[in-house]
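Each chain, written out:
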Amino acid sequence: MDISTMTARRPYLFRAMYDWILDNELTPYIVVNTTIYGVLVPAEYVQNNQIVLNIAPQSIGQYSINNEQLEFNARFGGNPHHIVVPMAAIEAIYARENGAGLGFEDEPAYQENRPQETKKNTSPFKVIK
């Protein structure tokens, strides 16, 4: 089977790395590309089209993950927000304490989610302003 027709590896590697970081009693952080279709995050915390999110169980609520996206509730500056991060938007997961983690390469399954210079992002979700 050609790799371009296979399902994306990212959700599987993400879950394994998340569990590994937690099993080692460290704090998992993710780097999110906010230009990707479907990202829902507070705009005031976005820098250079990226946001870094603490996804430790004690820092978030109602965490839900599947092969397409992860969702959770979190507080930013004391204000509650519902966060949606498509798997295509996760660029890395790492442990805050020592930087151990994994960066994700672009995969054929996510090509359609990448913004193109000539195509405006028509996401149903917007960065919260």
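Note that this is a predicted model, so its numbers are computed, not measured.

Here is what the cut-offs are and how they apply
Residues numbered from 1 in each chain as written. Predicted model: local features only at pLDDT ≥ 70, side-chain atom pairs only at ≥ 80, totals over all residues. Heavy atoms only, no water. Salt bridge = Lys/Arg side-chain N within 4 Å of Asp/Glu carboxyl O. Helix = DSSP H or I, 4+ residues; strand = E, 2+ residues; numbered from the N terminus. Buried < 20%, exposed > 50% of the residue type's maximum accessible area, 1.4 Å probe, protein only. Core = buried A, V, L, I, M, F, W, Y, C linked by side-chain atoms within 4.5 Å. Contact = heavy atoms within 4.5 Å. Polar contact = N/O pair within 3.5 Å; in protein donor to acceptor, adjacent residues only side chain to side chain.

**Student:** How should I be thinking about the pattern of salt bridges in this particular structure?
**Tutor:** In a structure, side chains of opposite charge can pair up when their charged atoms sit close to one another. Scanning the entire structure with this criterion turns up three salt bridges. The partner of Arg9 in a salt bridge is Glu105, and the shortest N-O contact between them spans 2.4 Å. Of the two residues, Arg9 sits in the segment before α1 (10-23) while Glu105 sits in the segment after β7 (101-103), which places them 96 residues apart along the sequence. Given the relative accessible area of 32%, Arg9 is considered partly exposed. When the shortest N-O distance is used, the salt bridge between Glu97 and Arg96 registers 3.3 Å. Classification of Glu97 as partly exposed rests on a relative accessible area of 38%.

**Student:** Looking at this model, I keep getting lost on the nonpolar core. Mind explaining?
**Tutor:** One recurring pattern in soluble globular proteins is that nonpolar side chains are buried together. Within the largest apolar cluster, 28 residues are counted, with the highest numbers of intra-cluster contacts made by Phe14, Ile30, Leu53, Ile55 and Ile93. Of all the secondary-structure elements, those providing two or more residues to this core are α1, β1 (28-33), β2 (50-54), β4 (69-76), β5 (79-86) and β6 (90-95). Beyond its immediate sequence surroundings of up to four residues, Ile55 is in contact with Phe14, Tyr18, Pro28, Ile30, Ile60, Phe72 and Ile93.

**Student:** What is the right way to read the side chain of Thr27 from this model?
**Tutor:** Within the secondary structure layout, Thr27 lies in the loop between α1 and β1. Of note is the side chain of Thr27, whose polar atom sits 2.6 Å from the side chain of Glu97. Leaving out residues up to four positions away in the same chain, Thr27 has contacts with Ile21, Asn54, Ala56, Tyr94, Ala95, Arg96 and Glu97.

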